[in-house]
Amino acid sequence: MKSLNEINQVIENEPLVLLIIKTGQCGVCESVEAKVSLMLESRPSVNGIYVYMEDAPDVASAYLALTAPTLLLFYEEKEVYRIARFVRFDELDHVLSQYEELLK
């Protein structure tokens, strides 16, 4: 994703979206994205997208992402979960499972 408009369109059109906001020179960001991508392979109902802060600074501003990586989960266009910097994958997995149940 390269713009706030693109991201907003996905959030408006998909019921469950996980947005990762990251920076280009962040090794932790790349590691988190790789682990999240693996997690989402078995979750087709979750639409995972990412954006680099350098490519779209308005995204970081609009979503108040003050550090990288920042993960935001949207359910029916509302932010329902946020985690930044230190990602607890067990917690993220649990939250995703809860929202997936709501889609059934």
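Residues numbered from 1 in each chain as written. Predicted model: local features only at pLDDT ≥ 70, side-chain atom pairs only at ≥ 80, totals over all residues. Heavy atoms only, no water.

Strands sit in the order β2-β1-β3-β4 across an open sheet of four strands; the sheet is mixed. The sheet terminates laterally at β2 (47–52) and β4 (78–84), the two strands that pair on one side only. Here the average twist between neighbouring strands, direction ignored, is 20°. Those strands touched by helix α1 (residues 4–13) are β1 (16–22), β2 and β3 (70–75), and its axis lies near 165° from that of β2. Its contacts with the sheet place helix α2 (residues 27–41) against β1, β2 and β3, and it is angled at close to 165° to β1. (Pairing = 2+ DSSP bridges. Helix = DSSP H or I, 4+ residues; strand = E, 2+ residues; numbered from the N terminus. Axes fitted to C-alpha atoms, helices over the stretch in contact; angles between N-to-C directions. Contact = heavy atoms within 4.5 Å.)

Let's shift gears to the pairing of β1. Of all the seven residues making up β1, seven are buried; the element is thus mostly covered by neighbouring parts of the structure. Burial along β1 is two-sided: the residues Leu16, Leu18, Ile20 and Lys22 and Val17, Leu19 and Ile21 are all buried. Across six bridges, β1 lies against β3 in antiparallel orientation. Note that in β3 the partner of Leu16 across the bridge is Tyr75. Following the chain from β1 across α2 to the adjacent parallel β2, one finds a crossover that is right-handed. (Buried < 20%, exposed > 50% of the residue type's maximum accessible area, 1.4 Å probe, protein only. Right-handed = clockwise from strand over helix to strand, strands pointing away.)

So, on to unusual backbone geometry. Following Ala68, the chain continues to Pro69 via a peptide bond in cis, the omega torsion being -5°. A positive phi angle is found at Glu76, which is not glycine, with a value near 50°. In this structure, Arg85 takes a positive phi of about 65° despite not being glycine. On the secondary structure map, Arg85 appears in the loop between β4 and α4 (89–103). For Arg85, a relative accessible area of 49% corresponds to the partly exposed category.

Along its 15 residues, α2 runs 22 Å from first to last C-alpha, staying within 8% of the 21 Å computed at 1.5 Å per residue. Every buried residue of α2 is accounted for by Cys29, Val32, Glu33, Val36, Met39 and Leu40. Burial along α2 is one-sided: seen end-on, the buried residues are contained in an arc of 125°. Pointing more than 90 degrees away from the buried face of α2 are the exposed residues Gly27, Leu38 and Glu41. (Expected span 1.5 Å × (residues − 1). Arc of directions from axis to C-beta.)

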